[in-house]
Amino acid sequence: MSIIRSRRASFAIAIQAICTGHEPVTSITTGAREGRVCAFLWAGRCASKTERARSFQTHSMAYHFSLSLSLSLLLFTCFPSNSQSNQFCKTEIGIGEVGCGIISSSSTTKLLIKGGTVVNAHHQEFADVYVEDGIIVAVEPNLRVGDDVKVIDATGKYVMPGGIDPHAHLAMEAMNTETVDDFFSGQAAALAGGTTMHIDFVIPVNGSLTTGLRKYEEKAKKSCMDYGFHMVITKFDDIVSRDMEIMVKEKGINSFKFFLAYKGKLMVNDELLLEGLKRCKSLGALAMVHAENGDAVFEGQKRMIQLGITGPEGHALSRPPLLEGEATARAIRLAGFVNTPLYVVHVMSIDAMEEIAKARKSGQRVIGEPVVSGLVLDDSRLWDSDFTTASKASGHGKALQGALSNGVLQLVGTDHCVFNSTQKAFGIDDFRKIPNGVNGIEERMHLVWDTMVESGQISVTDYVRVTSTECAKIFNIYPRKGAIIAGSDADIIILNPHSSFEINARSHHSRTDTNVYEGRRGKGKVEVTIAGGRVVWENNELKVVPGSGKYIKMAPFSYLFNGIDRADASYLSSLNAPVNRFKSTA
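Residues numbered from 1 in each chain as written. Predicted model: local features only at pLDDT ≥ 70, side-chain atom pairs only at ≥ 80, totals over all residues. Heavy atoms only, no water.

As for the overall build of the protein chain
Our working rule: Helix and strand assignments come from DSSP, with helices taken as H or I runs of at least 4 residues and strands as E runs of at least 2, each series counted from the N terminus. Per-residue accessibility, obtained with a 1.4 Å probe over protein chains only, is compared with the maximum for each type, and a residue is labelled buried under 20%, exposed over 50%, and partly exposed between these values. What sets the accessible areas is the Shrake-Rupley method with a 1.4 Å probe; for residues, cover comes only from the shown protein chains.
A count of helical and extended segments in the protein chain gives 18 helices and 22 strands. Scored against the burial criterion, the 586 residues of the protein chain give a buried share of 59%. Here the protein chain displays about 23200 Å² of accessible surface, and carbon together with sulfur accounts for 51% of that area.

Below, the structure is given as structure tokens:
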């Protein structure tokens, strides 16, 4: 730190960047259920479950139905607070060691959440929620239960599906180091913030999908909440094509990500992208893109170095929004050419957002994912006075908020990928060496509520949609996840709209010693988090168990693929080709 202080780099401010009447009272018998052989495990779920809670009637199923890229990807380097940190799990303390904050989660298998407003993406109602063995059994007013049931009073509060973060990187190796949050500390932070599932990205090992998956399966053994996997594609050949099929049909992975950036590392060219798009379509898997023109960004970085711009501001200057717009447009057109759905990750600029809006207006199936940092921050803090007196505020955040509120963008992720201040200091003399990433997995639910709901830009039901339900639908795990209905997993949060929150590195649960949202305050606080029927966050106390998280397989052919075959048939019939021509015999 003395080196950083002597340089006066002050990386601390560089961005890391309806009413109930007298309804009949319903009684629930909570004794042993017929056919259940179930011993509740301290660190997990029951050995077996009744089929009753899992069966969905047909009628109920029908009813329940730039900012340049510098913010999401990048650069927050700052000093730790001088005050004593109260972090949940410091980097130097291992799982199970004294001081790591591990507390046994509630062993109660039966819960009643009483008196709250239950909110789903399609409607809200006053109702009680009864949970048994990790599954929601009933959602009805005035439920009565036995004395063996833990009752949580949610009067005046919202009862919602737990958040699902579609975009996070835990225990990820990058730039000769590894993120400080692993599958335990990162997920613990998520639970404290109301997120009960995340989807991580498996990075292949030397292009091998199977080796990469094995490595991530090992990393995930310490998980304390449910999770799924996307798979990154860095090359394409017969082996990769075969392994993609294995991932989809056997491993429960239904999405593949292609980087159009990070030249010489993860970046793919258009030929590989086209092959990948075709293979994704044939498998019913969703193609995802990190959209930046990697060649141009590489050139921009060289230009900044030649100009003597080596600080964090060089990152933003080397990748202007037009490069995100170009790559987004290119990926959208290629996906349209193949006629397969496309998911654009961390949409950070107006340029990219407008390309998505045009495509969706034309009927193309394109999903746009902003990340919370892009919604609430700008990159002006990269221009701290210790670097230069210039300041830049891009204003893209407001436009992205508008796009989220009107449906151009569909769901909110975080791109949580954190490195501590020591790791960030690797790039003190060259911004290209600063490990890219910001926090957000704990802060997302609070910031989206405060920024979007409190401001009147979206409704409470929309909030559930963009933080949970839409993700569950896109990745084909709805209504198991993303809903408060009978039969769904008991991943639930209780949010008090009248309570306030404040974000700082001293009290957050990530292992990083900095927080890009430091000092931010707002309304709407998650007071209770229930994951798999276990109360894991209550009274500002985190109770998590390493290894209690489950891997959630995600089936192919989500709703985004509905009608794709008919569109293909229509296209073929419109060609009026090949033409049968008579050859002249003369």
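Some points on the pattern of salt bridges
Should their charged atoms come close, side chains of opposite charge can pair. Rules: Put simply, a salt bridge is a Lys or Arg side-chain nitrogen that is within 4 Å of an Asp or Glu carboxyl oxygen.
A complete count under the given rule lists 31 salt bridges for this structure. The shortest N-O distance in the salt bridge between K249 and E245 comes to 2.6 Å. You can see K249 and its partner E245 sitting in helix α7 (residues 238–249), 4 residues apart, about one turn around the helix. Given a relative accessible area of 59%, K249 falls into the exposed group. Judged by its relative accessible area of 28%, E245 falls in the partly exposed class. For K481, the salt bridge goes to D491, with nearest N and O atoms at 2.5 Å.

With respect to the packing of helix α11 (residues 321–338) against helix α12 (residues 350–361)
Put simply, the test is: The axes used here are C-alpha line fits, helices contributing only the stretch in contact, and every angle between their N-to-C directions lies in the interval 0 to 180 degrees. Any angle from 65 to 115 degrees is called roughly perpendicular, while one under 35 is roughly parallel, one over 145 is roughly antiparallel, and all others are oblique. When the near helix sits turned anticlockwise from the far one by under a right angle, the crossing is termed left-handed; a clockwise turn instead gives a right-handed crossing. Contacts are residue-level and defined by heavy atoms, with any inter-residue pair within 4.5 Å sufficient. Throughout, the ten residues Ala, Val, Leu, Ile, Met, Phe, Trp, Tyr, Cys and Pro are labelled nonpolar, Asp, Glu, Lys and Arg are labelled charged, and all others, Gly among them, are labelled polar.
α12 packs onto α11 with a crossing angle of 25° between their chain directions and a minimal axis gap of 7 Å. Between α11 and α12, the angle is such that the two are roughly parallel. Our pair here, α11 against α12, has a crossing hand that is right-handed. Judged by residue contacts, P321, L322, E324, G325, T328, A329, I332 and R333 of α11 engage D351, A352, E355, I356, K358 and A359 from α12. Taken together, the residues of the contact of α11 with α12 sort by class into 7 nonpolar, 2 polar and 5 charged.

Remarks on the side chain of T117
Along the chain, T117 falls in strand β3 (residues 117–119). For T117, the residues in contact, after removing those within four places along its chain, are Q124, E125, F126, K157, Y158 and V159.

Points about the UniProt feature "modified residue: N6-carboxylysine" (unreviewed entry) in the protein chain
The condition that has to hold: UniProt positions are given in the numbering used here, feature names are shortened, and annotations may be inferred rather than shown by experiment.
Here, UniProt's "modified residue: N6-carboxylysine" (unreviewed entry) annotation points to K257. Counting through the fold element by element, K257 comes out in strand β15 (residues 255–259). Ignoring any residue separated from it by four or fewer positions in sequence, one finds K257 in contact with H167, H169, F201, M231, V232, I233, M288, H290 and V345.

Describing the pairing of strand β2 (residues 110–114)
This is how it is decided: Strand pairing is defined by DSSP finding a minimum of two bridges between the two strands.
Where burial is concerned, most of β2 is hidden: 4 out of the 5 residues are buried. Examined bridge by bridge, β2 and strand β5 (residues 128–132) share 4 bridges and lie antiparallel to one another. Each bridged residue has a counterpart across the sheet, and for L112 the counterpart in β5 is Y130. Across 4 bridges, β2 lies against strand β8 (residues 150–153) in parallel orientation. The partner of L112 across the bridge, within β8, is V151.

A closer look at the environment of F431
For F431, the position within the fold is in the loop between α15 (421–424) and α16 (444–453). Exposure remark for F431: the relative accessible area of 1% places this residue in the buried category.

Regarding the sheet that holds β5
Across the sheet, 4 strands lie side by side as β6-β5-β2-β8; this open sheet has mixed pairing. Each end of this open sheet is capped by a strand with a single partner; those strands are β6 (135–140) and β8. Each strand axis lies, on average, 20° off the axis of its neighbour in the sheet, ignoring direction.

Structural notes on the nonpolar core
Here is the rule we go by: Definition used in this section: a nonpolar core is a set of buried Ala, Val, Leu, Ile, Met, Phe, Trp, Tyr and Cys residues joined via side-chain atoms within 4.5 Å.
Ranked by internal contacts, the top residues of the largest apolar core, which has 103 residues, are F256 and F258. In terms of residues, this core owes the most to one element, helix α17 (residues 460–474), which gives 7 residues. Every residue in contact with F256, bar those within four places of it in the chain, is listed here: M231, I233, M244, M247, V248, C280, A285, L286, A287 and M288. Counting 18 residues, the second-largest nonpolar core is a separate cluster that includes V129, I152, A154 and I530.

Re the confidence of the model for the protein chain
Counted only if it meets this: A residue's pLDDT is simply how confident the predictor is in it, with values from 0 to 100.
Across the protein chain, the average pLDDT comes to 84, with 79% of residues at or above 70. Counting contacts from residues 29–88, a segment whose pLDDT is below 50, to residues more than four positions away or on other chains yields 214 contacts. Here residues 386–394 scores under 50 on pLDDT; set against residues more than four positions off or in separate chains, the count is 24 contacts.

Examining the sheet that holds strand β19 (residues 492–502)
Spatial strand order, β4-β3-β9-β19-β20-β21-β22: 7 strands in an open sheet with mixed pairing. Of all the strands in the sheet, the pair left with one neighbour each is β4 (124–126) and β22 (541–542). Its contacts with the sheet put α17 on β3, β4, β9 (158–161) and β19, and the angle it makes with β9 is roughly 30°.

A word on the environment of P204
You can see P204 is positioned in the loop between β13 (195–202) and α6 (209–219). A residue is classified by how much of its surface remains accessible, and P204, at 11% relative accessible area, is buried. Taking C-alpha positions, P204 is 6.6 Å from V232, a pair spaced 28 residues apart along the chain. Those residues within four positions of P204 in sequence are excluded, and the remaining contacts are L209, G212, V232 and T234.

A few points about a nonpolar patch on the surface
To keep things clear, this is the line we draw: Think of a patch as exposed residues, more than 30% relative accessible area, with no salt bridge, where like charges cluster within 9 Å and nonpolar side chains (Val, Leu, Ile, Met, Phe, Trp, Tyr) cluster within 5 Å.
A surface patch of nonpolar side chains, about 320 Å² in accessible area, is lined by Y571, L572 and L575. Looking at where L572 falls in the secondary structure, it is placed in helix α18 (residues 564–574).

Considering the pairing of strand β16 (residues 286–290)
Within β16, 5 of the 5 residues are buried, leaving the element largely enclosed by the surrounding structure. The alternating pattern of β16 places L286, M288 and H290 on one face and A287 and V289 on the opposite face, and all of these are buried. Sheet topology note: the β15/β16 ladder contains 5 bridges and is parallel. Residue pairing for β16: K257 is matched across the bridge by M288. Bridge analysis of β16 against strand β17 (residues 342–344) gives 3 bridges, and the strand direction is parallel. The partner of M288 across the bridge, within β17, is Y343.

A look at unusual backbone geometry
The linkage connecting Y478 with the following residue, P479, adopts the cis geometry, with an omega of 5°. Among the secondary structure elements, P479 is positioned in the loop between α17 and β19. Residue A577 is joined to P578 through a cis peptide bond whose omega torsion reads 0°. Relative to the helices and strands, P578 is located in the segment after α18. Here the phi dihedral of H346 falls at roughly 30°; this positive angle occurs in a residue that is not glycine.

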